Amino acid sequence: MIYFDNSATTPIYPQSLDAYVKTSQRIIGNPSSLHDLGNQANRLLQQARKQIAELVSASPEEIYFTSGGTEGNNWVLKGTMLEKLGYGNHMIISGVEHPAVSETAEQLTKLGIEVSIAPVDKRGIVRVDELKKLVRKETILVSVMAVNNEVGAIQPIKEISTFLNDHPKIHFHVDAVQAIGKVPLAEWLTERVDFATFSAHKFHGPRGVGFIYWKKGRRLSPLLTGGGQEKNQRSGTENVPGIVAMAKALRLALDIKAQKPNQTAYLKQALIEALHTYDKVTIFSEGDDYAPHILCFSLKGIRGEVLVHALEEKQIFVSTTSACSSRKHMASSTLHAMQVPNDLATSAIRVSLDESNTMAEVEQFMIIFKQLYKKFSVIN
């Protein structure tokens, strides 16, 4: 079995799973309880918060735990609206955001928020000059992902940060789900970034847990109210085993990345060079503007889901451009924003790599792809 769908989810590290199981078995108290069992749980919770903060160069007070990237994105957008509605009613997102941002923004339009879409160029990269033109006095938030989940385009967060330094009242949010452990932290967690969202299952942690970075001094209204957990900002009993396992997974992921800093880039380049020998293949993720772990390409005349299932029959697992849209049979919204013709957009698949992948897997992938290419050519 060859697993090339790491941007959809990653298999949990054995050490992270072990941490989850042991914490579940041994730490039975609610971290909000006053007795010793509660204190044990709370100490573990705060230890995990400190570990994560150190790994992302933040302070523990700037880390808040969530159920994952979708909740984090919803919280930042909706929390900004609730907190700043008296100051403005305008948000800016890019044209290639994950649905957790784009659909949340669309929902907010029903509540009186105006949303502007910053366009991207043919590489899928935000056109900063056009984004600048969209800012107005009513703007309360700008949200741009660090790394696009469909084609891997690395967004110009530094350049946007420099511009937003002149607009200190605007919240700047970065969806960093695809960036952590893939693109250097300094490229997307700048001093100007106010909020960043993360999901554990993208870096070999458990599903259903994540965190947000919340810069000191910024204000955000709670999305979930109730018991007052997370300093009254995110109510609900904390998932202590999941959070401990997430902290373990993040440390391991960054350690392994440090040990194999060029592994995914090396494998991706080998795939690109092999795919270039096929006339009907169009590659969308080539060059320094793209993250090293995501490769998006089309096989002309073959719908993406057809190629995905053909590879699956050979025990090779990839996806169409986004796992969130695969089952809906949606064409890539990112490729459309890049003005890619519809026939190519609907033919696109995404290969997403990890440091655990090998050159032997790449070679086997290309052997199977060659067989399928010949098969589909005969059919066409």
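All values reported here derive from a predicted model rather than from experimental measurement.

Novice: I keep staring at the packing of aromatic side chains and nothing clicks. Help me out?
Specialist: Remark: the centre distance and the inter-plane angle together describe each pair of aromatic rings, the angle taken between the planes. Tallied over the entire structure, the rule returns 12 aromatic pairs. Note on Phe198 and Phe211: the rings are 4.3 Å apart at their centroids and 10° apart in plane angle, and the pair reads as stacked. Residue Phe198 is located in strand β7 (residues 195-199), and its partner Phe211 is located in strand β8 (residues 210-214); the two are separated by 13 residues in the primary sequence. Accessibility assignment for this pair places Phe198 and Phe211 in one class, buried. Both rings, one in Tyr278 and one in Phe369, keep their centres 5.2 Å apart while their planes meet at 85°; by these two values the pair is edge-to-face. Taken together, the residues Tyr278 in the loop between α9 (263-275) and β9 (281-283) and Phe369 in helix α14 (residues 359-379) connect sequence positions 91 residues apart. In this pair, the class of Tyr278 matches that of Phe369, namely buried. Lying across the ring of Tyr87, Lys84 places its NZ or CZ 5.9 Å from the centre.

Novice: Explain unusual backbone geometry here, please?
Specialist: Across the chain, the bulk of peptide bonds are trans and the bulk of non-glycine residues have phi less than zero. Although it is not a glycine, Ser57 adopts a positive phi angle of roughly 55°. Tracing the sequence through the fold places Ser57 in the loop between α2 (36-55) and β2 (63-66). The class for Ser57 is exposed, based on a relative accessible area of 63%. Phi at Lys231 takes a positive value of approximately 55°, unusual for a residue other than glycine. Positionally, Lys231 belongs in helix α7 (residues 229-232).

Novice: Help me understand the pattern of salt bridges in this model?
Specialist: A complete count under the given rule lists 19 salt bridges for this structure. Of the charged contacts in the structure, one is a salt bridge between Asp194 and Arg192, with a shortest N-O distance of 2.8 Å. The pair formed by Asp194 and Arg192 is uniform in burial state, with each residue classed as buried. The salt bridge involving Lys257 is made with Glu355; its shortest N-O contact spans 3.6 Å. Of this pair, Lys257 sits in helix α8 (residues 240-259) while Glu355 sits in the loop between β12 (348-352) and α14, placing them 98 residues apart in sequence. Since its relative accessible area comes to 16%, Lys257 is described here as buried. What emerges from the salt-bridge pattern is a single network uniting Lys182, Lys257, Asp354 and Glu355.

Novice: Help me understand the side chain of His204, please; the structure alone is not making it clear to me.
Specialist: Its place among the elements puts His204 in the loop between β7 and β8. Since its relative accessible area comes to 4%, His204 is described here as buried. A polar atom in the side chain of His204 sits 2.9 Å from the side chain of Asp354. Setting aside chain neighbours within four positions, we find His204 in contact with Thr10, Pro11, Ile12, Tyr13, Ser16, Ala249 and Asp354.

Novice: What should I look at first to understand the packing of α9 against α14 in this one?
Specialist: Packed helix pairs are characterised by how far apart their axes lie and by the angle those axes make with each other. At a minimum axis distance of 10 Å, the contact between α9 and α14 shows a crossing angle of 20°. For the element pair α9 / α14, the angle class is roughly parallel. In this structure, the crossing between α9 and α14 has a hand that is right-handed. Two secondary-structure elements touch here, α9 through Tyr266, Leu267, Ala270, Leu271, Ala274 and Leu275 and α14 through Met359, Val362, Phe365, Met366 and Phe369. Here the contact of α9 with α14 is built from residues that sort into 11 nonpolar, no polar and no charged.

Analysis parameters
By convention here, each chain's residues receive numbers from 1 onward along its written sequence. Restriction of local features to residues with pLDDT of at least 70 applies here, the model being predicted, together with a cutoff of 80 or more for giving and counting side-chain atom pairs; totals for whole chains, interfaces and linings are based on all residues. Note that the side-chain values use all heavy atoms of the structure and ignore hydrogens as well as water. Pairing of aromatic side chains here covers Phe, Tyr and the six-membered ring of Trp, requires ring centres within 6.5 Å, and sorts the geometry by plane angle: under 30 degrees stacked, over 60 edge-to-face, intermediate tilted. Each helix is a run of DSSP H or I of at least 4 residues and each strand a run of E of at least 2, with the numbering of both proceeding from the N terminus. Three exposure classes are used, based on accessible area relative to the maximum for each residue type with a 1.4 Å probe and protein chains only: buried under 20%, partly exposed in between, and exposed over 50%. Geometrically, a charge over a ring is one whose NZ (Lys) or CZ (Arg) sits within 6 Å of the ring centre while staying within 35 degrees of the ring normal. We define a salt bridge as a side-chain nitrogen of Lys or Arg found within 4 Å of a carboxyl oxygen belonging to Asp or Glu. A 3.5 Å cut-off defines polar contacts: any pair of N or O atoms within that distance qualifies, except that in protein one atom must be a possible hydrogen donor and the other a possible acceptor, and neighbouring residues in sequence count only when both atoms are side-chain atoms. Residue contacts follow a heavy-atom distance rule, with two residues in contact if any of their heavy atoms lie within 4.5 Å. Here, axes are lines fitted to C-alpha atoms. For helices the fit covers the stretch in contact, and angles between N-to-C directions go from 0 to 180 degrees. To sort the angles, those under 35 degrees are grouped as roughly parallel, those over 145 as roughly antiparallel, those from 65 to 115 as roughly perpendicular, and the leftovers as oblique. The sense of a crossing depends on the near helix, which, turned anticlockwise from the far helix by less than a right angle, makes the crossing left-handed and, turned clockwise, makes it right-handed. Residue type decides the class: Asp, Glu, Lys and Arg count as charged, Ala, Val, Leu, Ile, Met, Phe, Trp, Tyr, Cys and Pro as nonpolar, and the leftover types, Gly among them, as polar.

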